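Fold and geometry: a report
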Amino acid sequence: MNNEQRMKNLSVPSGKIDVVLDTDAYNEIDDQFAISYMIKSKEKIHVKAICAAPFYNAHSESPKDGMEKSYDEVLKLLSLMRENVDVFKGSEKYLDDEKKPIISDASKMLAELSNEYSPEKPLYVVAIGAITNVASALLLNPEMKNNVVVVWLGGHAQHFHDTKEFNMKQDVAAARVVMECGVPFVQLPCNGVVDNFRISKPELEYWFKGKSELADYLASNTIAEAESYAKGTAWTRVIWDVTAVAWLLNDDDKFMLSRIISTPIPTYDNFYAMNHNGYPMTYVYHIKRDALMNDLINKITK
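Figured I'd write up the structure that's included with this text. The model shown is predicted, which means the values in this text are computed figures rather than measured ones.

Within the protein, the regular secondary structure consists of 11 helices and 12 strands. For the protein, the C-alpha radius of gyration of 18 Å lies close to 19 Å, the compact-globule estimate for 302 residues. C-alpha extents for the protein along the principal axes are approximately 50 × 40 × 40 Å. Taking the intrachain contacts of the protein between residues at least 6 apart in sequence as the baseline, contacts between residues at least 24 apart amount to 78%. Separation of charge centres in the protein, based on 33 positive and 42 negative side chains, amounts to 2 Å.

So this is what it looks like as structure tokens:
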């Protein structure tokens, strides 16, 4: 890929685009908003498939269990929206190293589907979990890097004190594969940038409750999760995964600001190593919270 085409692919796309979403949907409550927002953005996004990503925390017994619960959660959301989209199970574990892919229905699908695209007409892969499935697909089919654009919500801002962010720290090897391979790459860092995208209980009750079956589920799910730890105190809940989808819709910088930087290398001790000879990437550094929240509300509740 020549530099002119790379820079074009690092810009917000114009026209209608094909997208695959890779999500650990059961991990938190924000993936559900992101999935719904993507499905409801039909004016620009054609969702080709959704892949379930592994995760391991208090909501799962293992990365495999997290992936399977995420698969079921995606199906639940599609049912609430009465939408039909192909859903694929992803990896049951994280990468063992940076050379060997993990074969799954998701990684095989991505590796094969990318062959139908080109640098001039890329497939957009939006990842909002550990990036294992995408890294495995790139290892299975190295030519995939020329035919896709990867948009990832992962890692923290470069000014933050570490990179111990859930999506990145679960599978640092996968992050390194994606960020070093040369695929056009867009990063939405968590703490320090997209953690600004938050919602409160009054907003959920005012804007979402009673508007639709889907809106009720999103509101109730978020409130229940937040109050399980807030225990009577004031709270807002970050729904940052929405921002990764919103980058695709960011015409005229209406939802966020970004710049081109040299791609850093995630290290295994939870930092970034600067690589001034690295490929250029798009780095989102500011979210226009209210503009994006209004678009999310309008699409979810209409």
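Sheet strands pair by backbone hydrogen bonding; their relative direction is either parallel or antiparallel. Overall, mixed pairing links the 8 strands, which are arranged β3-β2-β1-β4-β5-β6-β12-β9 in an open sheet. Strands with a single pairing partner mark the edges of an open sheet, and in this sheet they are β3 (87-89) and β9 (256-262). The sheet shows a mean angle of 20° between the axes of neighbouring strands, direction not considered. Strand direction decides the pairing type here: strand β1 (residues 17-23) and strand β4 (residues 123-127), joined by 4 bridges, are parallel. Counted as the bridge partner of aspartate 22 is alanine 127 from β4.

With 8 of 9 residues buried, helix α7 (residues 172-180) lies mostly within the body of the structure. Where α7 is buried, its residues touch α5 (132-140), β5 (148-153), α6 (166-170), β6 (185-188) and β10 (265-266). Within two residues after α7, glycine 182 carries a phi angle of roughly 100°, on the positive side.

Once that is clear, we can look at helix α11 (residues 289-301). Given a rise of 1.5 Å per residue, 13 residues ought to cover 18 Å, and the 18 Å separating the end C-alpha atoms of α11 matches this to within 8%. Turning to α11, its buried residues are Arg289, Leu292, Met293, Asp295, Leu296, Ile297, Lys299, Ile300 and Thr301.

With that settled, consider unusual backbone geometry. Trans is the common state for peptide bonds, and a negative phi is the common state for residues other than glycine. We note that lysine 231 has phi near 50°; this positive angle belongs to a residue other than glycine. Relative to the helices and strands, lysine 231 resides in the loop between α9 (213-230) and β8 (236-238). Exposure remark for lysine 231: the relative accessible area of 66% places this residue in the exposed category.

This brings us to the pattern of salt bridges. For side chains bearing opposite charge, pairing can occur when the charged atoms are close. One pass over the full model with this rule turns up 12 salt bridges. Glutamate 227 serves as the salt-bridge partner of lysine 201, at 2.9 Å between the closest nitrogen and oxygen. A residue pair is termed long-range when its members are at least 10 positions apart, and lysine 201 in helix α8 (residues 201-208) and glutamate 227 in helix α9 qualify at 26 residues. A relative accessible area of 27% means that lysine 201 is categorised as partly exposed. Judged by relative accessible area, which is 36%, glutamate 227 ranks as partly exposed. Between glutamate 203 and arginine 289 there is a salt bridge, with the nearest N and O atoms lying 2.9 Å from each other. One end of the pair, glutamate 203, is in helix α8; the other, arginine 289, is in helix α11, and 86 residues separate them in sequence.

So, on to the environment of isoleucine 35. Following the sequence through the fold, isoleucine 35 ends up in helix α2 (residues 30-39). We classify isoleucine 35 as buried; its relative accessible area is 1%. For the pair isoleucine 35 and isoleucine 131, spaced 96 residues apart in the sequence, the C-alpha separation amounts to 17 Å. Discounting chain neighbours no more than four positions away, the residues touching isoleucine 35 are Leu21, Thr23, Ala25, Ile50, Val74, Leu77 and Met81.

Okay, the pairing of β5 next. Among the 6 residues of β5, 6 are classified as buried, and the element is accordingly described as predominantly covered. Here β5 shows no split at all, with Val148, Val150 and Trp152 on one side and Val149, Val151 and Leu153 on the other all buried. In this sheet, β5 lies alongside β4 in parallel orientation, the contact comprising 5 bridges. Along β5, the bridge assignment pairs valine 125 with valine 150. In this fold, β4 hands off to α5, which returns the chain to β5; that crossover is right-handed. Sheet topology places β5 next to β6; 4 bridges connect them, and they run parallel. The residue of β6 that forms the bridge with valine 150 is phenylalanine 185.

Cut-offs applied
Within each chain, residue numbers correspond to sequence positions counted from 1 in written order. pLDDT decides what is reported in this predicted model: residues at 70 or higher carry local features, side-chain atom pairs at 80 or more are listed and counted, and totals for whole chains, interfaces and linings draw on all residues regardless. Heavy atoms from the whole structure form the basis of all side-chain values; hydrogens and water molecules are not counted. In this text, helices come from DSSP runs of H or I with a minimum length of four residues, and strands from runs of E with a minimum of two, each type numbered from the N-terminal end. Throughout, radius of gyration means the C-alpha value; the globule benchmark is 2.2 Å times the number of residues raised to the power 0.38. Two residues form a contact once any of their heavy atoms are found within 4.5 Å. Charged residues are defined narrowly, with Lys and Arg counted positive, Asp and Glu counted negative, and His plus the chain ends left uncounted. To locate a charge, the coordinates of NZ of Lys, CZ of Arg, CG of Asp or CD of Glu are taken. Pairing between strands is defined by DSSP: at least two bridges between the two strands are required. An axis is simply a line fitted to the C-alpha atoms; with a helix, the fit covers only the stretch in contact. Between two such axes, the angle follows the N-to-C directions and lies from 0 to 180 degrees. Each residue is placed in one exposure class: buried if its accessible area under a 1.4 Å probe, protein chains only, is under 20% of its type's maximum, exposed if it is over 50%, and partly exposed if it falls in between. How far a helix is expected to stretch is found by multiplying one less than its residue total by 1.5 Å. Salt bridges are identified by distance alone: a Lys or Arg side-chain nitrogen within 4 Å of an Asp or Glu carboxyl oxygen. Look down the strands so they point away from you; if the path from the first strand over the helix to the second goes clockwise, the crossover is right-handed.

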